[in-house]
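Commentary on secondary and tertiary structure
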Amino acid sequence: MTKAKLHDGSTVDVEVHGAGPTVLLPVNPRPAEGPQAEAMRKWGADPALGRSLIEGLSDAFQVVAFDYEGHVLGTPKPDTLTPANVAGDLLAVADAVGADRFAYYGYSWLALSGLQLAIRTDRLSALVMGGFPPLGGPYAEMLRVTMATHEMAVSPQSPPATPQTSRNSEEPDWSSVEVSMTEAQTRQFVTLYQALQGFDDRAAQARISCPRLCFVGSADEIEYGERWGGVHVSMAGPVVNRRAELGDLGWEVSVLEGLDHTQAMQAAHVLPVMRPWLASATGVRLPR
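Residues numbered from 1 in each chain as written. Predicted model: local features only at pLDDT ≥ 70, side-chain atom pairs only at ≥ 80, totals over all residues. Heavy atoms only, no water.

In the annotation of an unreviewed UniProt entry, the chain is listed under the name Pimeloyl-ACP methyl ester carboxylesterase and assigned to Streptosporangium canum.

Looking only at helices and strands, the chain features 11 helices and 10 strands. Against the globule reference of 19 Å for 288 residues, the chain gives a C-alpha radius of gyration of 18 Å, in line with a compact fold. Over its C-alpha atoms, taken along the principal directions, the chain stretches across nearly 55 × 40 × 40 Å. Considering the chain as a whole, with its 288 residues, one finds that 53% of them fall into the buried category. (Helix = DSSP H or I, 4+ residues; strand = E, 2+ residues; numbered from the N terminus. Rg over C-alpha atoms; globule rule 2.2 N^0.38 Å. Buried < 20%, exposed > 50% of the residue type's maximum accessible area, 1.4 Å probe, protein only.)

When strand 1 (residues 2–5) meets strand 2 (residues 11–17), the two strands line up antiparallel, connected through 4 bridges. Bridging from a neighbouring strand, Thr2 pairs with Val14 of strand 2. Between strand 1 and strand 2, which follow one another and run antiparallel, lie 5 residues, and Gly9 among them has a positive phi close to 90°. The pairing of strand 2 with strand 4 (residues 62–65) spans 3 bridges and is classified as antiparallel. Paired with Val16 across the strands is Val64, a residue of strand 4. (Pairing = 2+ DSSP bridges.)

In a beta sheet, neighbouring strands are held together by backbone hydrogen bonds and run either parallel or antiparallel to one another. Strand order across the open sheet formed by 8 strands is 1-2-4-3-5-6-7-10, with mixed pairing between neighbours. In the strand order of this sheet, the two ends are held by strand 1 and strand 10 (251–256), each with one partner. Looking at each pair of strands side by side, their axes are set apart by 20° on average, direction ignored. For strand 6 (residues 124–130) and strand 7 (residues 212–217), the ladder comprises 4 bridges, and the chain directions are parallel. Each bridged residue has a counterpart across the sheet, and for Gly130 the counterpart in strand 7 is Phe215. The strands that helix 4 (residues 83–96) touches are strand 1, strand 2, strand 3 (22–25), strand 4 and strand 5 (102–107); relative to strand 1, the one it contacts most, it runs at about 145°. (Axes fitted to C-alpha atoms, helices over the stretch in contact; angles between N-to-C directions. Contact = heavy atoms within 4.5 Å.)

Let us now look at the side chain of Glu15. Along the chain, the position of Glu15 falls in strand 2. One polar contact links Glu15 to His17, side chain to side chain, over a distance of 2.8 Å. In this structure Glu15 touches Met1, Pro29, Arg30, Arg51, Val63, Val64 and Ala65, once residues within four positions along its chain are discounted. (Polar contact = N/O pair within 3.5 Å; in protein donor to acceptor, adjacent residues only side chain to side chain.)

Moving on: the environment of Thr182. Along the polypeptide, Thr182 turns up in the loop between helix 6 (139–154) and helix 7 (183–195). The sequence separation of Thr182 and Thr149 amounts to 33 residues, and the corresponding C-alpha distance is 9.7 Å.

Within the secondary structure, Ser155 is located in the loop between helix 6 and helix 7. The exposure class assigned to Ser155 is buried, which follows from its relative accessible area of 18%. A polar side-chain atom of Ser155 sits 3.0 Å from the main-chain carbonyl oxygen of Glu151.

Right, let's talk about the nonpolar core for a bit. Core analysis: the largest hydrophobic core is formed by 62 residues, its most contacted members being Tyr68, Trp109, Tyr193 and Trp251. It is helix 5 (residues 109–118) that provides the largest number of residues to this core, a total of 7 residues. Not counting chain neighbours up to four residues away, the residues in contact with Trp109 comprise Tyr68, Glu69, Val72, Phe189, Leu192 and Tyr193. Grouped together as the second largest cluster of nonpolar side chains are 31 residues, Leu49, Leu53, Phe61 and Leu213 included. (Core = buried A, V, L, I, M, F, W, Y, C linked by side-chain atoms within 4.5 Å.)

In this section: the pairing of strand 4. The sheet contact formed by strand 3 and strand 4 spans 4 bridges and is parallel. Among the inter-strand pairings, Leu25 is bridged to a residue of strand 4, identified as Ala65.

Mapped onto the secondary structure, Ser280 falls in helix 11 (residues 267–282). As for Ser280 and Pro211, which are separated by 69 residues in sequence, their C-alpha atoms are 9.8 Å apart.

What follows concerns unusual backbone geometry. Phi angles above zero are rare outside glycine, and Ser108 is one such case at about 65°. Within the fold, Ser108 resides in the loop between strand 5 and helix 5.

Turning our attention to the layout of surface pockets. A water-sized probe rolled over the atoms picks out the places where empty space is left. Of the pockets and cavities examined, the second largest pocket occupies roughly 160 Å³. Taken together, Met1, Thr11, Val12, Asp13, Glu15, Asn28, Pro29, Arg30, Asp67 and His71 form the lining of the second largest pocket. Here the element with the most residues in the lining of the second largest pocket is strand 2; it accounts for 4 residues. The class makeup of the residues in the lining of the second largest pocket is 3 nonpolar, 3 polar and 4 charged. (1 Å grid on protein atoms, 1.4 Å probe; cavity = no way out; pocket = protein on both sides within 12 Å on 5 of 7 lines; lining within 4 Å. Points joined across faces, edges and corners; volume = space filled by probe spheres on them. Nonpolar A, V, L, I, M, F, W, Y, C, P; charged D, E, K, R; others polar.)

See below:
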């Protein structure tokens, strides 16, 4: 166990597993337990997702795991969670383990963080983005959602509400879950998406110098209710509709049929796509 010092002076725990080319994974290496684990299972999430990803890669790679999302929730950065600072934090993790070159995998907002990293450094050997489109990203929509979340966090008189996604009838009704994040926790994501409003992800493609893979569930379409401004966030659409253009720009693209945002992040779906691609991109021969 080592620690990396981040842009605000706080530190995040870093675990290193396996040997081979370095892969940074911003995941929680420790499985959730008790009520938290039960709640995650209820919503279709794997309480041991981070551990599953580590175990699925560490036989061929040096996996550097750190719970960045857990860290920013535990040590909020309401005014400083900017794209540049996030990229700096990821580089600090690589520095902490002495990795001059490394691959990076992130999902959802941690995927867009990887894109921000890729345009700011030449140290990436490979980039994998899951659950967030590298082209045509929903930055404006996510700002509206995060601003609504922040407003609910600072207005205790407002009834608790959360986004709902229900194109698949088997999915849970998110509107039954309470928003429990604090003002500082929610404001840091407003800060992040505000800073991304001027970001031209089409122009940014020329600044990515490493091999790159993106994947998304074909059903990753999220409808937010009235209290969230009635926003539709499409993660799948930009990838599916611009697949050929992404290929021309150097992206390997994988669409996971029938999977929504939560389903497509599970290790059973991620590893069959990411593991062989990372091996090819980094010149690793996978164990038989």
